[in-house]
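Working through the structure, step by step
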Amino acid sequence: MEKDYITSILKEKRIFKPSKSFSKNASIKSMGQYKKIYKESIKNPNKFWAEKASELEWFKKWKTVLRKKGNFFKYFEHGKLNVAFNCLDRHIKAGKGNKIALIWEPEKGATKRYTYSQLHKEVSRFSNVLKYRGLRKGDRVCIYMPMIPELAISMLACARIGLIHSIVFGGFSSDSLRDRIKDCKAKMVITSDGSFRNNKIIPLKNTVDDAVKKCPSVKQIIVVKRCKNKIKMKKKRDIWWHKEITKKEIKDKCEAESMDSEDPLFILHTSGTTGKPKGILHTQAGYLLYVYQTFKWVFDIQDKDIYWCTADIGWITGHSYIIYGPLANAATTLMYEGAPMYPKPNRFWEIIQKHKVTIFYTAPTAIRALMKQGDKWPKSCNLKSLRLLGTVGEPINPEAWIWYHKIIGNKKCPIVDTWWQTETGGILITPLPGATPLKPGSATFPFPGIVADIVKENGKKAKPNEGGFLVIKNPWPGMLRTVWGDDERYKKTYFGKYKRIYLAGDSARYDKDGYFWIMGRTDDVMKISGHRIGTAEVESHLVSHKAVAEAAVVPVPDKIKGWAIYAFVTLKKGITGTDELRKKIIKHVADHMGHIAKPEKIQFADDLPKTRSGKIMRRILKAIAEGEEDVGNITTLADPSVVVNLKKDRIK
Ligand code: 7RM
């Protein structure tokens, strides 16, 4: 599909202009206006960001917009504010206390709604619980929760009193959770007895119990009762949320802590080239400003909008565009607990119909999966409320784009294809819906303030359609500040290849009209169903199985997931590769790392293609897994004959 994808986007000539009526009411109404704002923002970025920052509420004004020290950047130094205050109190003060902040749609059962005032109260009370339990500014709190309101409340409560949250996606298993807790030395874990998905209960608390066995930093675990399933509560360590929150000592009011602009807000681990995930650090003011401004313009948010992003809050998309961006804009944000096809493949469309969702943001992998179910599902629902659609996480193939546009958007909704990363904090390359003529499959142009470029290996600008490395040449307020506890890794990963220029890790090209087309990762990171997973991480979990001697993993194209994991596994002497063993190894990876990291296919191999110095040549494995006749140059292999056998045993 990769090749098909490239040919299809190279042939893609269609252009979709925003309708006059959409542009008329949008905050950015034309390409002319975008270009003017963009030009000014680049000419004087500090002025641009300072102007936008004044829309937030500061306890104390900043002195400098940006200070650079080598590859480290600080925004709004000497300024003080609070993120939760800006997401809640600011709007209540402006008279929006009765507006709905959060709509929660459970997998089963009744919808819950929180106004800004109600959410403010819940957050304040839980902040008091955290204080009561002895946590203080700068402490780390790990959140391992399903998509329930208490997750949003926990994040905002941390932000309110200056605790640093580190959210771990509920699809990760105990080893991944343990490593992330250890890396940031969290004092507390917030979790739930379980989570519902496809009518099954996933026992999150058991996973936490397992993970914290080797985490001496964790002193307390707060547990939300969600599933009423039986779990063990360890005395003195484990605390029920509902019991704690109703204690008489817990008051409704909690002062928002005055935070320095550059104090940490959260850590979010993401996969990189090595087996050890990076703890991406985002700080207060710059991050808040960046998600505020991008949410406002990219989603063209208006007072009456009902906005729904289907991501999980355990990923950056959920942090920035379910919670912080929407709430900073006083928007109504919807949060859905369950799976896209439960109980039927029209669940998403039913939710849109039920809540009259106006803006819908999802991943190409979900679009492809839903498209495969047939048009009858969306056609069984009233989707007329929709006015804007968005995608994120991976390139969208034009076929899926057209279906999304035609069947979901009824040909009238612009589609914002937003490119960004955990590290970037918010959206960097994207259409602005009232302005940008769209080309299916292209993320179009950089957001104001962002200097994006594509360069060749030697650092020179690539020519149109030539392709190269996607880089960002100037800092922006939402960028990561470092890798938690590892400044060297930060410098090396993002600024090691080109001097003073941020390396995104993606390959891309721009066309003759200057549109950006993102092609995919250039490192050992895979996007499986839009989830970011490192090959090295999966490999380390494969080799930790007792039967496995060696393993190498490559992504192979998949019609729904975008990419799927194909693993080459060498077994220990005397062990035969059976289907039974294959299943066991896959389960082993799921149990330790998470179901999202399960290899789709495992090929048992006597030997792997290695250079004379013993390095596994993934390029060759990738070609073999994809069924290429010609696997490229194999003269540097210690034993070129291994290729023949590997080709023969390929799993189709
Ligand atoms: C938001 C998110 C980042 C990687 C990134 C790309 C890929 C994301 C798009 C995309 C093509 C897009 N953060 N990616 N958005 N590729 N078009 N619109 O996904 O840290 O988990 O992943 O995702 O490869 O580098 S992430």
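As shown above, the structure is provided for reference.
It should be emphasised that the depicted structure is a prediction, and the values quoted were computed from it without experimental measurement. (Residues numbered from 1 in each chain as written. Predicted model: local features only at pLDDT ≥ 70, side-chain atom pairs only at ≥ 80, totals over all residues. Heavy atoms only, no water.)

**Quick word on the overall build of the chain**
Of the regular secondary structure elements, the chain holds 22 helices and 30 strands. With the C-alpha coordinates of the chain rotated into their principal frame, the extents come out at 75 × 65 × 55 Å. For the chain, buried positions account for 62% of its 652 residues. Partitioning the intrachain contacts of the chain with sequence separation of at least 6 by distance along the chain shows that 71% fall at a separation of at least 24. Entry remark: accessible area of the chain is about 26600 Å², with carbon and sulfur atoms responsible for 52%. Averaging the locations of the 118 positively and 67 negatively charged side chains of the chain gives two centres separated by 3 Å. (Helix = DSSP H or I, 4+ residues; strand = E, 2+ residues; numbered from the N terminus. Buried < 20%, exposed > 50% of the residue type's maximum accessible area, 1.4 Å probe, protein only. Contact = heavy atoms within 4.5 Å. Areas by Shrake-Rupley, 256 points an atom, 1.4 Å probe, with all protein chains shown as cover. Lys, Arg positive; Asp, Glu negative; His and termini not counted. Charge placed at Lys NZ, Arg CZ, Asp CG, Glu CD.)

**Quick word on the site of the ligand**
In the neighbourhood of the ligand, 17 residues make up the surrounding shell, with D417, T422, D506, R521 and K527 lying closest. Between the ligand and the protein, one listed contact pairs a nitrogen atom with a side-chain N or O atom of D417 at 2.7 Å. Residue D506 places a side-chain N or O atom 2.6 Å away from an oxygen atom belonging to the ligand. Considered on its own, the ligand offers 530 Å² of accessible surface; in the complex 96% of this is hidden by protein. Residue assignment for the shell around the ligand shows that the elements contributing at least two residues are α13 (316-328), β20 (415-418) and β25 (516-521). Grouping the constituent residues of the shell around the ligand by class yields six nonpolar, five polar and six charged. (Near = heavy atom within 4 Å. Polar contact = N/O pair within 3.5 Å; in protein donor to acceptor, adjacent residues only side chain to side chain. Nonpolar A, V, L, I, M, F, W, Y, C, P; charged D, E, K, R; others polar.)

**Here's the deal with helix α15 (residues 364-372)**
Within α15, eight of the nine residues are buried, leaving the element largely enclosed by the surrounding structure. Where α15 is concerned, the buried positions are P364, T365, A366, I367, R368, A369, L370 and M371. Where the residues of α15 are buried, they touch α14 (347-355), β18 (359-362), β19 (388-392), α17 (398-408) and β29 (562-571). Directly beyond the C-terminal end of α15, a positive phi value near 100° is found at G374.

**A word on the nonpolar core**
Formed by 127 residues in total, the largest nonpolar core has its most connected members in F76, F126, L130, I190, F299 and Y324. Of the residues forming this core, the biggest block, 10 residues, is contributed by helix α12 (residues 284-298). Once residues lying within four places of it in the same chain are set aside, the contact partners of L130 are L135, A157, C158, I161, L163, M188, I190 and I222. Ranked by size, the runner-up nonpolar core spans 46 residues in total, among them C215, I533, A551 and A597. (Core = buried A, V, L, I, M, F, W, Y, C linked by side-chain atoms within 4.5 Å.)

**Digging into unusual backbone geometry**
Of note, the bond from Y342 into P343 is cis; its omega dihedral lies within 30 degrees of zero at -5°. Here P343 shows up in the loop between β17 (332-336) and α14. With a phi close to 65°, N199 is a non-glycine residue in the positive phi region. Here N199 is to be found in the loop between β9 (195-197) and β10 (200-202). Taking the relative accessible area as the measure of exposure, N199 reaches 40% and is therefore partly exposed. Within the chain, A330 stands out as a residue other than glycine whose phi angle is a positive 60°. Structurally, A330 can be placed in the loop between α13 and β17.

**Considering the pattern of salt bridges**
Per the counting criterion, the structure on display carries 48 salt bridges. Here E550 ties to K610 by a salt bridge, and the two come within 3.0 Å at their closest N and O atoms. You can see E550 sitting in strand β28 (residues 548-558) and its partner K610 sitting in the loop between β30 (601-604) and α21 (618-625), a full 60 residues away along the chain. Residue class for K610 comes out partly exposed when judged on its relative accessible area of 22%. (Salt bridge = Lys/Arg side-chain N within 4 Å of Asp/Glu carboxyl O.)

**Digging into the sheet that holds strand β22 (residues 468-472)**
The strand order across the open sheet built from four strands is β21-β22-β24-β25, with neighbouring strands paired in antiparallel fashion. Either end of the sheet is taken by a strand with one partner, and the two such strands are β21 (452-455) and β25. Each neighbouring strand pair of the sheet contributes to a mean axis angle of 45°, computed without reference to strand direction. The pairing of β22 with strand β24 (residues 502-510) spans four bridges and is classified as antiparallel. (Pairing = 2+ DSSP bridges. Axes fitted to C-alpha atoms, helices over the stretch in contact; angles between N-to-C directions.)

**As for helix α8 (residues 149-161)**
For α8, which comprises 13 residues, the first-to-last C-alpha distance of 19 Å matches the rise-based estimate of 18 Å (1.5 Å per residue) to within 8%. By the criterion of burial, α8 is predominantly enclosed, with 13 of the 13 residues buried. G162 occupies a position one or two residues after α8 and carries a positive phi of about 80°. (Expected span 1.5 Å × (residues − 1).)

**Quick look at the sheet that holds β30**
An order of β28-β29-β30 is seen for the three strands of this open sheet, with the pairing classed as mixed. Each having just a single partner strand, β28 and β30 make up the two edges of the open sheet. Between one strand axis and the next, the sheet turns through 25° on average, direction left out of account. Inspection of the sheet shows β28 paired to β29 by 10 bridges, in the antiparallel sense. Residue V553 lies in a different strand from β29, and its bridge partner there is A567. The sheet strands contacting α21 are β28 and β29, and the helix crosses β28 at an angle near 60°.

**Re the packing of α12 against α13**
Relative orientation and spacing of two packed helices are given, respectively, by the angle between their axes and the distance between those axes. Two elements in contact, α12 and α13, have axes separated by 8 Å at closest approach and are oriented at 85°. As far as their axial angle goes, α13 and α12 are roughly perpendicular. In this structure, α12 contributes Y287, L288, V291, Y292, T294 and F295 to the contact, and α13 contributes H319, S320, Y321, Y324, G325, P326 and A328. Taken together, the residues of the contact of α12 with α13 sort by class into nine nonpolar, four polar and no charged. (Parallel < 35°, antiparallel > 145°, perpendicular 65-115°, else oblique.)

**A short note on the side chain of S442**
By secondary structure assignment, the location of S442 is in the loop between β20 and β21. From its side chain, S442 meets the backbone nitrogen of T444 in a polar contact 2.9 Å long. Among the polar contacts listed, one links the side chain of S442 to the backbone oxygen of F516, at a separation of 2.7 Å. Residues in contact with S442, not counting those within four places in the same chain, are D417, Y515, F516 and W517.

**Remarks on the environment of T7**
Relative to the assigned elements, T7 resides in helix α1 (residues 2-11). Taking C-alpha positions, T7 is 26 Å from D375, a pair spaced 368 residues apart along the chain.

**Describing the state of the cysteines**
Counting across every chain of the model gives zero disulfides. Summary of cysteine pairing: C142 is not part of a disulfide, and the nearest cysteine sulfur, belonging to C184, is at 6.5 Å. Look at C142 and you get buried, because its relative accessible area is 0%. Summary of cysteine pairing: C413 is not part of a disulfide, and the nearest cysteine sulfur, belonging to C381, is at 15 Å. Here C413 falls in the buried class, since its relative accessible area comes to 1%. (Disulfide = S-S within 2.5 Å.)

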